Amino acid sequence: MPNTALITGASSGIGAEFARYHAAKGGDLIITARRKDALEALKAELEEAYQITVHVIANDLGAAGGPKKLYEAAKATGAQIDILINNAGFGGHGKFIERDLERDLAMIDLNVKALVSLCHMVGRDMALRKKGKILNVSSSASYMPGPLQATYFATKAYVSSFSQALDAELRDSGVTVTALEPGIVDTDFVATANLDGTPLTKTRTTAAVVAKYGYDAMRRGALRAVNETGLRFLVDWIIPLAPRRLVLKGVQRAQSKG
């Protein structure tokens, strides 16, 4: 049976672990990110270990036309995309008006626009075949506003909301959509987002654990996947019922330095 996964942001972190887990199950891959050297190294590792086929597409998804270029390049490989894992994204710490506006707009382009574009293009193909799985990497941040990461939290709220609505639209056509909503993961994300030294980052889950949890949930057709029991209780029962100002203060305190 065909079993090819297209994974964005696959050069490191959760994306690379998704690729390793899928390859270990005998699946072929199309992996993409900006760093071609890291992608080529991952390709060599996985093809040698699992005798599968890995296509590498170096691409800037956040650039204008990036998602379409990726889609067309993926189609050109001749592989049928059975699984789409939208993992690419980044965050950024600081008060919104003190941050570089172009950086936050670029965050929206990658975290939201690129994901939506790929879901539309690849999801349409899946619906026509009446079969497919989509996994969108969101965050537990989707359940609350995020002072000191206002744009990032908002993009993840969009991703989770969009994913659930898309699943409702596509499920009857044989396509399921899952939102993976982890807490802090031990990846380069923390350093890139300038979150080192905040209380939020004291406890982290490994990328491999999160990738396996999300992948397995996608395979089951779960609507959402929060990998930690305590975190699930927090986002399901505490945050929705707590006074909103209290939630805002708590999130801001968790992301404050010093």
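Everything numeric in this text was worked out from a predicted model, so none of it was measured. (Residues numbered from 1 in each chain as written. Predicted model: local features only at pLDDT ≥ 70, side-chain atom pairs only at ≥ 80, totals over all residues. Heavy atoms only, no water.)

Undergrad: Please explain helix H4 (residues 101-129) as it appears in this structure.
TA: Each α-helix turn comprises 3.6 residues. Residues three or four places apart therefore point the same way. When the terminal C-alpha atoms of H4 are compared, their 41 Å separation across 29 residues agrees well with the 42 Å that a helix rising 1.5 Å per residue should span. Just downstream of H4 lies Lys130, where phi reads positive at about 60°. (Helix = DSSP H or I, 4+ residues; strand = E, 2+ residues; numbered from the N terminus. Expected span 1.5 Å × (residues − 1).)

Undergrad: Help me out: how do you make sense of the packing of helix H1 (residues 13-24) against helix H7 (residues 207-220) in this one?
TA: Relative orientation and spacing of two packed helices are given, respectively, by the angle between their axes and the distance between those axes. In contact at an axis separation of 8 Å, H1 and H7 are set at 60° when each is read in the N-to-C sense. With respect to each other, H1 and H7 are oriented oblique. For the element pair H1 and H7, the recorded crossing hand is right-handed. Residues Gly13, Ile14, Glu17, Phe18, Tyr21 and His22 of H1 lie in contact with H7, whose contacting residues are Ala207, Ala208, Val210, Ala211, Lys212, Tyr215, Asp216 and Arg219. (Axes fitted to C-alpha atoms, helices over the stretch in contact; angles between N-to-C directions. Parallel < 35°, antiparallel > 145°, perpendicular 65-115°, else oblique. Left-handed = near helix turned anticlockwise from the far one by under 90°. Contact = heavy atoms within 4.5 Å.)

Undergrad: I keep staring at the side chain of Thr176 and nothing clicks. Help me out?
TA: Among the secondary structure elements, Thr176 is positioned in strand S6 (residues 175-180). There is a polar contact of 3.2 Å between the side chain of Thr176 and the side chain of Lys133. (Polar contact = N/O pair within 3.5 Å; in protein donor to acceptor, adjacent residues only side chain to side chain.)

Undergrad: Got a minute to help me understand the sheet that holds strand S2 (residues 28-33) in this structure?
TA: Strands belonging to one sheet form pairs held by backbone hydrogen bonds; the direction of such a pair is parallel or antiparallel. Read from one edge of the open sheet, seven strands run S3-S2-S1-S4-S5-S6-S7, paired in parallel fashion. The two strands at the open ends of the sheet, each matched to only one other strand, are strand S3 (54-58) and strand S7 (224-225). Across five bridges, the pairing between strand S1 (residues 4-8) and S2 is parallel. If you follow Leu6 over to S2, its bridge partner there is Ile30. Taken strand by strand, helix H5 (residues 150-170) contacts strand S5 (132-137) and S6, and its axis lies near 160° from that of S6. (Pairing = 2+ DSSP bridges.)

Undergrad: Please explain the side chain of Thr8 as it appears in this structure.
TA: In this structure, Thr8 sits in strand S1. On the basis of relative accessible area, Thr8 is assigned to the buried category, the value being 1%. Aside from chain neighbours lying at most four places away, what touches Thr8 is Thr32, Leu61, Leu70, Ile85, Asn86, Asn87, Ala88 and Leu118. (Buried < 20%, exposed > 50% of the residue type's maximum accessible area, 1.4 Å probe, protein only.)

Undergrad: I would appreciate a short explanation of H7 in the present structure.
TA: Relative to the 20 Å expected for 14 residues at 1.5 Å per residue, H7 spans 20 Å between its end C-alpha atoms, a close match to the ideal helical length. Of the residues making up H7, those classed as buried are Ala207, Val210, Ala211, Gly214, Tyr215, Ala217 and Met218. Take H7 and look down its axis: the buried residues cluster within an arc of 160°, on one side only. On its buried face, H7 sits against H1, strand S4 (81-86), S5, S6 and S7. Positive phi shows up at Gly221, right after H7, with a value of about 80°. (Arc of directions from axis to C-beta.)

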